[in-house]
Amino acid sequence: MYVAVKGGEKAIAEAHALLAELRRGDPDVAELSLDQIQNQLSLAVDRVMNEGSLFDTELAALAIKQAQGDLIEAIFLLRAYRTTLPRHGVSTPIETTDMRVLRRISATFKDVPGGQILGPTYDYTHRLLDFALAVEAMDETDWDHDAHHHDDALEDQDTETEEASPTLSRVLSLLEREGLVEQPPSAVSTPSVDLTREPLDFPAARETRLQALARGDEGYLLSLAYSTQRGYGRTHPFAGEIRSGVVMLHCPVEELGYALPLGEFLVTECDMINQFQGGGDLEPTFTRGYGLQVGLSERKAMSMALVDRALRADELDEERLSPAQDEEFVLAHCDNVEAWGFVSHLKLPHYVDFQSELALIRALRQAAETPDA
Amino acid sequence: MHETLTDYNFAYLDEQTKRMIRRGLLKAVAVPGLQIPFGGREMPLPYGWGTGGIQVTAAVIGPDDVLKVIDQGADDTTNAVSIRAFFAKTAGVATTEVTTEATLIQTRHRIPETALTSGQILIYQVPIPEPLRFIEPRETETRKMHALSEYGVMHVKLYEDIAQFGQIATSYAYPVLVNGRYVMDPSPIPKFDNPKMHQNPALQLFGAGREKRLYAVPPYTDVVSLDFEDHPFEVQSWDSPCGLCGSTDSFLDEVVMDDAGTRLFICSDTDYCRIQRERADG
Amino acid sequence: MVEPILSARGLTREYAPEQGCLEVDLDVWPGEVVGIVGESGSGKSTLLRLLSGQERPDAGTLSFTDRAGRQHDLVRVSESAIRQLQRTAFGIVHQNPRDGLRLRISAGGNIGERLMGVGARHYGDIRAQAVHWLSHVEIDPARIDDLPRYFSGGMQQRLQIARNLVTNPGLVFMDEPTGGLDVSVQARLLDTLKRLVHDLGISVVIVTHDMGVARLLADRLLVMRFGRVIETGLTDQVLDDPQAAYTQQLVASILQVS
């Protein structure tokens with residue numbers, strides 16, 4: 001006869017031991033180093049930093065290693081670590097116009113000042129498995145590089161273009177000058193809500209929405225963005241400008257009276273140009289959506305810009321009919337740590353609730369079988 | 001010259017798949033403008049970048065064909081270069097940038113300015129094949145609307161444009177009526193190109209990879225842009241000629257020259273622009 | 001000899017025992033307003049959907065004669081033909097204007113849609129028609145380019161009616177057209193409806209649970225219960241001298257207006 005045993009503690013210890021073994025895999029295969037992950041899985045590192053809301057390539061790499069490459073688990077690990085960190089200050093907004101550009105493309109003009117710069121992109125690769133990569137090319141000199149996250153590509157690029165083109169003007173500013181596209185919102189004077197410290201409140205200000213989207217799940221936002229392209233909240237998007245490059249982060253120090261440069265990091269920004277509004281008395285003007293991510297997270301930045309624009313339906317007096325336009329629906333479900341937490345909680349015991357339902361359904365069936373006399 | 005890829009079949013797709021696509025194309029040619037569902041395959045290029053056009057090209061291309069690929073009218077745009085290289089690599093066919101030399105032309109967003117001739121095939125890459133999609137997102141309903149020719153809503157859209165902007169405010173992917181029966185999305189070509197579809201001697205094939213649809217306009221078929229009697233269909237025109245070749249009858253791209261916003265207008269069709277310049281040079 | 005415009009015999013659509021619509025006989029004559037009354041679940045909405053071809057019967061016959069005198073067998077007709085009738089010869093006014101209007105399309109576009117659906121291709125003419133019908137249903141024609149979502153409930157309902165009348169339908173079906181409106185708004189809408197029916201010579205089948213609406217609009221009444229017609233006759237006759245016990249209850253439940 002089966003007897004339910006109270007062996008929770010031991011069972012968990014055994015599970016963790018098995019997990020450690022599985023994570024390590026075959027001990028004859030060399031163990032992954034954090035350097036390897038930071039260098040060779042850098043796009044995974046970018047995603048984990050974005051959705052984990054913490055810029056630290058080494059910790060992100062550690063999280064990926066610890067999570068066996070399960071990125072949502074890695075994001076979870078990073079978030080849990082982040083929450084323990086003290087906050088020393090609030091940086092000034094980064095100035096992406098001053099970006100040292102690694103990649104910059106516009107789908108709206110064939111050529112723009114500074115040119116179209118492809119940079120490192122998978123866009124025009126043919127997705128044919130490259131079996132040459134299956135053979136480990138152990139060129140010793142390659143291993144001497146002490147390159148960190150993306151820095152190699154940046155350094156190469158620096159030497160070529162830094163002098164010629166330190167910064168590139170923004171494609172949308174050309175249209176802004178003609179009044180053809182709405183002006184970007186002016187800088188927010190009051191500090192916006194920090195969603196890592198305060199709960200999300202509806203209706204949310206646009207900067208709060210952008211914050212939520214910035215740490216939202218890439219797959220979820222991608223699908224919502226896609227749904228707008230297929231007619232569920234259509235916004236006629238054009239990729240006005242997508243740029244990736246290095247920006248400087250400054251932090252104001254009261255004692256010094258100015259903002260101290262803290263260091264440079266890589267970001268990807270997407271300025272989407274969307275359907276125009278107006279007619280009648282108002283001059284038709286293009287609208288816009290915005291996306292920003294750390295690293296080379298272009299897919300996420302574009303999805304974010306499309307969803308940002310869809311969520312502006314009320315502000316732009318458009319009728320809200322589709323999921324991507326519904327602020328509460330989109331924002332309440334975009335956090336994958338929250339989402340996976342709640343979905344996974346179904347694995348927890350629900351013996352008591354289920355027992356109650358069992359008793360009820362049996363009672364109901366019995367009542368149906370024996371009608372009142 | 002690219003090295004031919006030997007691990008894959010001629011033009012990448014296996015022969016069974018090509019036959020399936022050809023059967024779909026035959027049906028599409030038989031019922032002009034009707035969208036034919038087909039078993040679109042995963043391709044080594046991303047959806048939305050021309051997988052439909054690539055599958056159609058792969059299904060109809062032969063070793064003797066001469067392929068031209070354009071994107072935005074130009075042979076040298078990145079996506080055109082990439083797709084041309086793909087077929088050079090997987091089919092080993094000859095490629096060209098000269099419109100008149102090509103037997104197959106795969107295009108995204110343009111119809112060449114040089115008139116096509118009988119025997120040529122123009123293959124369009126299509127993102128959203130359903131012209132009714134942005135009025136009615138549900139496929140079950142749009143199929144019924146096509147079947148029953150319930151196209152009033154298309155004119156409602158045009159009506160709304162005129163009421164709001166004083167003119168029809170659709171500038172690309174401008175809907176057409178094919179052979180007097182089916183309303184069709186011409187793919188996002190500028191409406192400037194719509195008249196070229198009408199009674200064209202070339203076969204026009206359309207492939208939508210992600211949405212898995214094929215459709216066609218056979219040679220010499222009527223293709224009429226939707227409009228109103230008192231607001232007739234009109235194409236774009238420019239104040240100045242092409243800054244490179246001086247052409248006044250081609251579609252012009254706007255190029256931003258400097259941070260001051262200086263603009264140059266040049267032919268979007270690079271081959272046509274080259275011909276005009278050669279003519280001018282004597 | 002005058003023929004009925006719509007004629008049903010033994011019309012049946014049963015979802016579950018006594019639910020739906022059972023063996024209904026009905027003739028609608030040109031220019032006549034027929035009211036279908038009964039409480040929720042009596043089958044009156046099912047009957048309306050059957051009569052207007054939105055649903056097919058399990059049994060029975062149904063024929064419609066259009067303004068040109070052509071007869072249509074609405075049981076056997078193809079879906080293509082029924083949809084064609086629905087957007088030309090029929091009008092269908094839904095209880096909720098959201099079901100009958102395109103909320104993202106201007107008032108003018110809403111009215112013009114049917115015209116464009118049957119081939120109108122002159123913008124100026126379509127617009128003139130829209131202006132004409134807006135004033136006919138007492139909406140300020142200056143609002144022709146406004147979206148219906150900025151209209152009040154009563155105005156949305158008027159717009160829905162204008163949108164239906166623009167193709168000069170011989171027969172209009174209305175499902176609780178005044179439901180959900182304030183009493184004063186209701187009264188004005190009923191006045192408009194009465195005037196339109198009289199001026200245009202259209203036949204109307206109207207479903208309502210409101211005896212006041214029935215008395216004001218309908219020439220003849222059908223009382224339904226458990227899916228069957230239990231009493232029929234001229235409106236005054238049914239309301240003033242109800243025969244069936246159930247009808248007596250229904251009539252007693254409303255305030256008698258002189």
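Residues numbered from 1 in each chain as written. Chains lettered and ligands numbered in written order. Predicted model: local features only at pLDDT ≥ 70, side-chain atom pairs only at ≥ 80, totals over all residues. Heavy atoms only, no water.

Q: Account for the pattern of salt bridges, naming residues and giving values.
A: Under the defined criterion, the tally for this structure stands at 65 salt bridges over all chains. Between A:Asp335 and A:Arg215 there is a salt bridge, with its nearest N and O atoms 3.8 Å apart. Placement of A:Asp335 in the loop between α12 (327-332) and α13 (336-344) and of A:Arg215 in the loop between α9 (206-214) and α10 (218-229) is noted, with a sequence separation of 120 residues between them. The same class applies to A:Asp335 and to A:Arg215, which are both buried. C:Arg13 is the salt-bridge partner of C:Asp58, the closest N and O atoms lying 3.3 Å from each other. (Salt bridge = Lys/Arg side-chain N within 4 Å of Asp/Glu carboxyl O. Helix = DSSP H or I, 4+ residues; strand = E, 2+ residues; numbered from the N terminus. Buried < 20%, exposed > 50% of the residue type's maximum accessible area, 1.4 Å probe, protein only.)

Q: So what's going on with the sheet that holds strand β4 (residues 59-65) of chain C? Which residues, and what values?
A: By definition, the strands of a sheet pair up through backbone hydrogen bonds, in either a parallel or an antiparallel sense. Residue and element names in this part refer to chain C. Here four strands make up an open sheet; going across it, the order is β2-β1-β4-β5 and the pairing antiparallel. The open sheet has two edge strands with one neighbour each: β2 (19-28) and β5 (71-73). Geometrically, the sheet is characterised by an average inter-axis angle of 25° between neighbouring strands, direction not taken into account. Helix α1 (residues 44-51) contacts β1 (6-16), β2 and β4 of the sheet and is inclined by roughly 125° relative to β1. (Pairing = 2+ DSSP bridges. Axes fitted to C-alpha atoms, helices over the stretch in contact; angles between N-to-C directions. Contact = heavy atoms within 4.5 Å.)

Q: How would you sum up the interface of chain A and chain C? Please name residues and give values.
A: On the side of chain C, five residues touch chain A, which itself brings four residues to the contact. Taking both sides of the interface into account, the surface hidden between chain A and chain C amounts to around 400 Å²; carbon and sulfur atoms contribute 37%. Its largest share of buried area at the contact with chain C, chain A owes to A:Asp317, A:Glu319 and A:Leu321, together 95% of the area lost on that side. Run the count over chain A and chain C and you get one salt bridge. Inspection of the chain A/chain C interface yields two residue pairs in polar contact (both at pLDDT 80 or more). Across the side of chain A that touches chain C, the residue classes tally to one nonpolar, no polar and three charged. (Buried area = accessible area lost by both parts, 1.4 Å probe. Polar contact = N/O pair within 3.5 Å; in protein donor to acceptor, adjacent residues only side chain to side chain. Nonpolar A, V, L, I, M, F, W, Y, C, P; charged D, E, K, R; others polar.)

Q: I'd like a description of empty space enclosed by the protein, backed by residues and values.
A: Residue and element names in this part refer to chain C. Summed over all chains, the structure comprises three cavities of 30 Å³ or more. The computed volume of the second largest cavity comes to approximately 40 Å³. Looking at the second largest cavity, the residues that line it are Val93, Ile161, Asn164, Leu165, Val172, Met174, Leu193, Leu196, Val197 and Ile202. Elements supplying a minimum of two residues to the lining of the second largest cavity: α6 (153-165), β7 (171-175) and α7 (183-200). For the lining of the second largest cavity, a count of residues per class yields nine nonpolar, one polar and no charged. (1 Å grid on protein atoms, 1.4 Å probe; cavity = no way out; pocket = protein on both sides within 12 Å on 5 of 7 lines; lining within 4 Å. Points joined across faces, edges and corners; volume = space filled by probe spheres on them.)

Q: An account of the interface of chain B and chain A is requested, with residue identities and associated values reported.
A: Across the boundary between the two partners, chain B contributes 37 residues, which contact 29 residues of chain A. For the pair chain B and chain A, the summed buried surface comes to about 2800 Å²; carbon and sulfur atoms form 57% of the total. On the chain B side of the interface with chain A, the three residues burying the most area are B:Phe134, B:Val256 and B:Asp259, jointly 20% of the side's total. One can count two salt bridges joining chain B with chain A. The partner of B:Glu211 in a salt bridge is A:Arg230, and the shortest N-O contact between them spans 2.6 Å. Counting across the interface, chain B meets chain A through 10 residue pairs in polar contact (both at pLDDT 80 or more).

Q: Just give me the short version of the packing of α10(A) against helix α11 (residues 298-310) of chain A, but keep the residues and values in it.
A: Residues and elements named next belong to chain A. Taken N-terminus to C-terminus, the directions of α10 and α11 make an angle of 55°; their axes are 8 Å apart at the nearest point. By the angle between their axes, α10 is oblique relative to α11. For the pair α10 and α11, the crossing hand works out as left-handed. Residues Glu218, Leu221, Leu222, Leu224, Ala225 and Thr228 of α10 form the contact with α11, whose participating residues are Arg299, Lys300, Ser303, Leu306, Val307 and Ala310. Among the residues forming the contact of α10 with α11, the class breakdown is seven nonpolar, two polar and three charged. (Parallel < 35°, antiparallel > 145°, perpendicular 65-115°, else oblique. Left-handed = near helix turned anticlockwise from the far one by under 90°.)

Q: Describe unusual backbone geometry, with residues and values.
A: With omega at -5°, the peptide bond leading from A:Phe202 into A:Pro203 counts as cis. Here A:Pro203 is to be found in the loop between α8 (171-177) and α9. Phi is positive for B:Gln199, close to 55°, though the residue is something other than glycine. Along the chain, B:Gln199 falls in the loop between α6 (194-197) and β8 (203-208). Look at C:Glu23: it is not a glycine, yet its phi comes out positive at around 45°. Among the structural elements, C:Glu23 can be located in strand β2.

Q: Talk me through the pairing of strand β12 (residues 263-267) of chain B; I want residue IDs and the actual numbers.
A: When strand β11 (residues 252-256) of chain B meets β12(B), the two strands line up antiparallel, connected through five bridges. Bridging from a neighbouring strand, B:Val255 pairs with B:Leu264 of β12(B).

Q: I'd like to hear about the packing of aromatic side chains, residue by residue, with values.
A: Residues and elements named next belong to chain B. Throughout the structure, instances matching the rule amount to 16 aromatic pairs over all chains. Ring geometry for Tyr124 and Phe206: centres 4.0 Å apart, planes at 10°, overall stacked. On the criterion of sequence distance, the pair formed by Tyr124 in strand β5 (residues 121-125) and Phe206 in strand β8 is long-range, its members being 82 residues apart. A residue is classified by how much of its surface remains accessible, and Tyr124, at 0% relative accessible area, is buried. When its relative accessible area of 0% is taken as the criterion, Phe206 is described as buried. Geometrically, the ring pair formed by Phe206 and Tyr215 is stacked, given 4.6 Å between the ring centres and 10° between the ring planes. Put simply, the rings of Tyr8, Tyr12, Phe86 and Phe87 touch in pairs and so form one group of aromatic residues. (Phe/Tyr/Trp six-rings, centres within 6.5 Å; stacked < 30°, edge-to-face > 60°.)

Q: Which residues make up a nonpolar patch on the surface, and what values do they have?
A: Where nonpolar side chains cluster on the molecular surface, the patch consists of A:Leu256, A:Tyr258, A:Leu260 and A:Leu262 and spans about 390 Å² of accessible area. Relative to the assigned elements, A:Tyr258 resides in strand β3 (residues 258-279). (Patch = residues over 30% accessible without salt bridge, like charges linked within 9 Å, V, L, I, M, F, W, Y side chains within 5 Å. Areas by Shrake-Rupley, 256 points an atom, 1.4 Å probe, with all protein chains shown as cover.)

Q: Run through the side chain of B:Asn79, naming residues and quoting values.
A: Checked against the element boundaries, B:Asn79 lands in helix α3 (residues 78-90). Among all residues touching B:Asn79, those that are not within four sequence positions of it are A:Tyr124, B:Trp49, B:Asp71, B:Arg108 and B:Gln125.

Q: Outline the sheet that holds strand β8 (residues 203-208) of chain C, listing residues and values.
A: All names here are of chain C. Strand order in the open sheet made by the six strands is β6-β7-β8-β3-β9-β10, with mixed pairing throughout. For this open sheet the edge positions go to β6 (90-93) and β10 (228-234), each flanked by a neighbour on one side alone. Along the sheet, successive strands turn relative to each other by an average axial angle of 15°, direction set aside. In the sheet, strand β3 (residues 33-37) pairs with β8 via five bridges, with the strands oriented parallel. Bridge pairing in β8 places Val37 opposite Thr208.

Keep in mind these values describe shape, not function.
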